[in-house]
Amino acid sequence: MISCKRNEVKKVDKEFKENDKIEVYNFEQLQNFLQSDQDQTYVVNFWATWCKPCIKELPYFEELQVKYKGDIKVILVSLDFPSKLDSQLIPFITEKKIQSQVILLDDPYENEWIPKIDSTWSGALPATLILNSTKREFFEQSFTQEELENEIMKFKNL
């Protein structure tokens, strides 16, 4: 079920551009996005299509990606089942017109990788990691647009 190789899955819906992909990673591969030595701020949101609070806050992350393009990189890490990629995740991304980078995390060893993201994380969704070269904050909560914007402002004079 789990592969240590990075799998790139082409989006199959006709509305997707041909070169768009949902990348499928195990946790080891995802760790590259969880360490920043650059001035750019990363916003890594852990979510799933079955999580109502996650769905409610997704537009706020999309807005950040547009508003602070170049200064902020939003990465949406889906914790949906890999078997639901074609039937659930891709149609959801199409319907919601998600423009941020989407990664499907395919790693069943959550008891090992959850504390590596943050020692306080219970595994509940949504969860968000905001980081840059000088600061790292973890939030096990859903955000309002204003709350998310306020947290981003703490990371950089944007």
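In this text, all values refer to a predicted model and were calculated from it rather than measured experimentally.

Conventions used here
Residues numbered from 1 in each chain as written. Predicted model: local features only at pLDDT ≥ 70, side-chain atom pairs only at ≥ 80, totals over all residues. Heavy atoms only, no water. 1 Å grid on protein atoms, 1.4 Å probe; cavity = no way out; pocket = protein on both sides within 12 Å on 5 of 7 lines; lining within 4 Å. Points joined across faces, edges and corners; volume = space filled by probe spheres on them. Helix = DSSP H or I, 4+ residues; strand = E, 2+ residues; numbered from the N terminus. Nonpolar A, V, L, I, M, F, W, Y, C, P; charged D, E, K, R; others polar. Disulfide = S-S within 2.5 Å. Buried < 20%, exposed > 50% of the residue type's maximum accessible area, 1.4 Å probe, protein only. Salt bridge = Lys/Arg side-chain N within 4 Å of Asp/Glu carboxyl O. Polar contact = N/O pair within 3.5 Å; in protein donor to acceptor, adjacent residues only side chain to side chain. Pairing = 2+ DSSP bridges.

J.: Could you give an account of empty space enclosed by the protein, with specific residues and numbers?
T.: One pass over the structure, following the stated rule, counts 1 cavity of 30 Å³ or more. Quantified by volume, the largest cavity comes out at close to 40 Å³. If you go around the largest cavity, the residues you meet are Tyr60, Glu63, Leu64, Lys67, Gln145, Leu148 and Glu149. Those elements that provide at least two residues to the lining of the largest cavity are α2 (52–67) and α5 (145–153). Among the elements that make up the lining of the largest cavity, the one with the highest residue count is α2 (4 residues). Residue composition of the lining of the largest cavity, by class: 3 nonpolar, 1 polar and 3 charged.

J.: I'd love a proper account of the state of the cysteines, names of residues and values included.
T.: Tallied over the entire structure, the rule returns 1 disulfide. Between the sulfur atoms of Cys51 and its disulfide mate Cys54 the distance is 2.3 Å. Across the disulfide from Cys51 to Cys54, rotation about the S-S bond amounts to roughly 75°, and the bridge is consequently right-handed. Cys54 matches Cys51 in its accessibility class, with the two residues each being buried.

J.: Tell me about unusual backbone geometry, and please be specific about residues and values.
T.: Cis geometry is adopted by the peptide bond preceding Pro126, which originates at Leu125 and carries an omega value of -5°. As for its position among the elements, Pro126 is in the loop between α4 (110–117) and β6 (127–131). The residue Lys97 is not glycine, and still its phi comes out positive at about 55°. Within the secondary structure layout, Lys97 lies in the loop between α3 (85–96) and β5 (101–105). According to the relative accessible area criterion, Lys97 is exposed, its value standing at 59%.

J.: Describe in detail the pattern of salt bridges, supporting the description with residues and values.
T.: Tallied over the entire structure, the rule returns 4 salt bridges. Note that Glu151 is salt-bridged to Lys154, the shortest N-O span being 3.2 Å.

J.: Just give me the short version of the side chain of Asn132, but keep the residues and values in it.
T.: Relative to the helices and strands, Asn132 is located in the loop between β6 and β7 (136–139). Of note is the side chain of Asn132, whose polar atom sits 2.9 Å from the backbone nitrogen of Thr134. Here Phe155 takes part through its backbone oxygen, which lies 3.1 Å from a polar atom of the side chain of Asn132.

J.: Outline the pairing of β6, supporting the account with residue identities and numerical values.
T.: Of all 5 residues in β6, 5 are buried, a share of seventy percent or more. Side chains of β6 alternate between two faces, with Ala127, Leu129 and Leu131 and Thr128 and Ile130 buried alike. Sheet analysis places strand β3 (residues 41–47) next to β6, joined by 5 bridges and oriented antiparallel. Bridge pairing links Asn45 to Thr128 in β6. The pairing of β6 with β7 spans 4 bridges and is antiparallel. Among the inter-strand pairings, Ile130 is bridged to a residue of β7, identified as Glu137.

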